Amino acid sequence: MVEADRLADVVAGRYRRGFDLAVIWLVAAWHLGNDLVTMVRSPGAYRSYPAEVLAWSLLSVVGAVAAVRLLRGRADASYTWLLAAAALGASALATAQVLPGGVFAATHWAWDSTGWFGVLLLLRRPLRELAGFVGVNSGFTLLVLLSGPGTGRVDLARFATAAYGTAALQLTLAIAAWAVDSAARQAVAAARAGAAIRRDRQVADDLHARRQERYQDLRGSAAPLLAGLASGALDPAEHAVRHRCAVAACRLRRLFAETDDVPDPLLHELRACADIADRRGVLVDLQVLGTLPALDRPVRRALTDAPLHVLAGAERQARVTLVGRVDEMAVSVLADGTAARPEPTGAPTRGVTVTVQEGDDVRWIEARWHR
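Residues numbered from 1 in each chain as written. Predicted model: local features only at pLDDT ≥ 70, side-chain atom pairs only at ≥ 80, totals over all residues. Heavy atoms only, no water.

K.L.:
Got a minute to help me understand the overall build of the protein chain in this structure?
P.N.:
A tally of regular secondary structure across the protein chain gives nine helices and five strands. N-terminal to C-terminal, the α/β element order of the protein chain is α-α-α-α-α-α-α-α-β-α-β-β-β-β. The C-alpha atoms of the protein chain give a radius of gyration of 42 Å, which is well past the 21 Å a tight globule of 371 residues would have. With respect to the three principal axes, the spread of C-alpha positions in the protein chain is 125 × 45 × 30 Å. Taking contacts inside the protein chain between residues at least 6 apart in sequence as the whole, the part at least 24 apart equals 72%. Total accessible area on the protein chain stands at roughly 20300 Å², and carbon and sulfur atoms take up 59% of it. Between the mean site of the 42 positive side-chain charges and the mean site of the 37 negative ones, the protein chain shows a separation of 8 Å. (Helix = DSSP H or I, 4+ residues; strand = E, 2+ residues; numbered from the N terminus. Rg over C-alpha atoms; globule rule 2.2 N^0.38 Å. Contact = heavy atoms within 4.5 Å. Areas by Shrake-Rupley, 256 points an atom, 1.4 Å probe, with all protein chains shown as cover. Lys, Arg positive; Asp, Glu negative; His and termini not counted. Charge placed at Lys NZ, Arg CZ, Asp CG, Glu CD.)

K.L.:
What is the right way to look at the pattern of salt bridges in this model?
P.N.:
Any two side chains of opposite charge can pair, on the condition that their charged atoms come close. Summed over all chains, the structure comprises ten salt bridges. Asp20 is paired through a salt bridge with Arg124; the nearest N and O atoms lie 2.3 Å apart. One end of the pair, Asp20, is in helix α1 (residues 2–41); the other, Arg124, is in the loop between α4 (109–122) and α5 (127–147), and 104 residues separate them in sequence. Residue Glu328 pairs with Arg325 through a salt bridge whose shortest N-O separation is 2.7 Å. Using a relative accessible area of 12% as the deciding quantity, one classes Glu328 as buried. (Salt bridge = Lys/Arg side-chain N within 4 Å of Asp/Glu carboxyl O. Buried < 20%, exposed > 50% of the residue type's maximum accessible area, 1.4 Å probe, protein only.)

K.L.:
Please explain helix α3 (residues 77–96) as it appears in this structure.
P.N.:
Since there are 3.6 residues in each turn of an α-helix, residues three or four apart along the chain are aligned in direction. With 20 residues, α3 extends 28 Å between its outermost C-alpha atoms, agreeing within 8% with the 28 Å of an ideal straight helix rising 1.5 Å per residue. By the burial criterion, the buried members of α3 are Thr80, Leu83, Ala84, Ala87, Leu88, Ala90, Ser91, Ala94 and Thr95. Viewed along the axis of α3, the buried residues span an arc of 155 degrees, placing them on a single side of the element. Of the exposed residues in α3, the ones pointing more than 90 degrees away from its buried face are Ser78 and Leu82. (Expected span 1.5 Å × (residues − 1). Arc of directions from axis to C-beta.)

K.L.:
In this structure, what is going on with empty space enclosed by the protein? I would like to understand it.
P.N.:
To find the voids left in a structure, one rolls a probe of water-molecule size over its atoms. Going through the model one piece at a time under the given rule, you end up with two cavities of 30 Å³ or more. Volume-wise, the largest cavity comes out at about 80 Å³. Along the walls of the largest cavity sit 13 residues, with Ala66, Leu70, Arg74, Leu120 and Leu121 positioned nearest its centre. The set of elements that each furnish at least two residues to the lining of the largest cavity consists of α2 (49–71), α3 and α4. (1 Å grid on protein atoms, 1.4 Å probe; cavity = no way out; pocket = protein on both sides within 12 Å on 5 of 7 lines; lining within 4 Å. Points joined across faces, edges and corners; volume = space filled by probe spheres on them.)

K.L.:
What am I meant to see in the packing of α3 against α4 here?
P.N.:
The relative placement of two packed helices comes down to the angle between their axes together with the axis-to-axis distance. Their axes nearest at 9 Å, the elements α3 and α4 cross at an angle of 175 degrees. Classified by the angle between their axes, α3 and α4 sit roughly antiparallel to one another. Of the residues in α4, those in contact with Thr80, Trp81, Leu83, Ala84, Ala87, Ser91, Ala94 and Thr95 of α3 are Trp109, Ala110, Thr114, Leu121 and Leu122. When its residues are assigned to classes, the contact of α3 with α4 shows nine nonpolar, four polar and no charged. (Axes fitted to C-alpha atoms, helices over the stretch in contact; angles between N-to-C directions. Parallel < 35°, antiparallel > 145°, perpendicular 65-115°, else oblique. Nonpolar A, V, L, I, M, F, W, Y, C, P; charged D, E, K, R; others polar.)

Shown next as structure tokens:
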């Protein structure tokens, strides 16, 4: 899940950063390739050329700061609007230098260009803020137009058309940024949904595999015993048959205990096995010495399979001892009664050895694991 979230964040970040870089390059290319070239070629088209250069330079500084903030994902209102005020101030200064009749000329670069700087500044802000910025910026040009001589309806219509066209492009770009962010969010949601489906499928496959494994264990041990008892081939009065039933019961309890989420699985599984003997009236003493290491299920089964034979054959008392350390684990059982030697239930587990000692009425068995 963590990897899926990380991948989703990468996808969303690439969507957003790619669009932000495109906006930055658009504004930079327009400001350098159009505004600067126009201003340098027509120094006489302004009331004060130094003031026009100052306005262009101020916009350049604002754009550089805005680009850095955009790439870093900063869009706090206070600092953003401080930069927006500086951009509008530069626009007002540049617009004030336009000569009469030059409102619609190419030399009046500040009107269009400042709007694009507003897009750069307010790209991650609410759309109404950019609309207000563009409206104030166009208002400077309208004031210059109205203060000039002979302003008529044709001039106002030209202004409305130009303002609408410019604002439409700039607001459309801001809407496109929102659409890209929406697509990024959808990509993130799709990635997370896909990861969740794969995770659920993996959990289901693991659960099915474990159930099949447990089924095979039951089929290999309990099924023949039950079939023999049902058919009469096995006599429950015989000691060997009762011992086989007790061993099968211990394995069943161990199988159920393996699915429990406990701090010490080996101790938990041995207690489940000892409970079968305890129900028969056997006094079971369970002792733990040292620190029990974390062991895989096959190793735990190998450590408990042989000792449970002695527990299943105990008649009056049994002592179970677990001795553990980081690289070694030993499980031993000392009990009275008679029990058949444990038969291997599968391939030997690497690192596990079994030692058996027998007396007249005592059985001792130890399963030891080395890392």
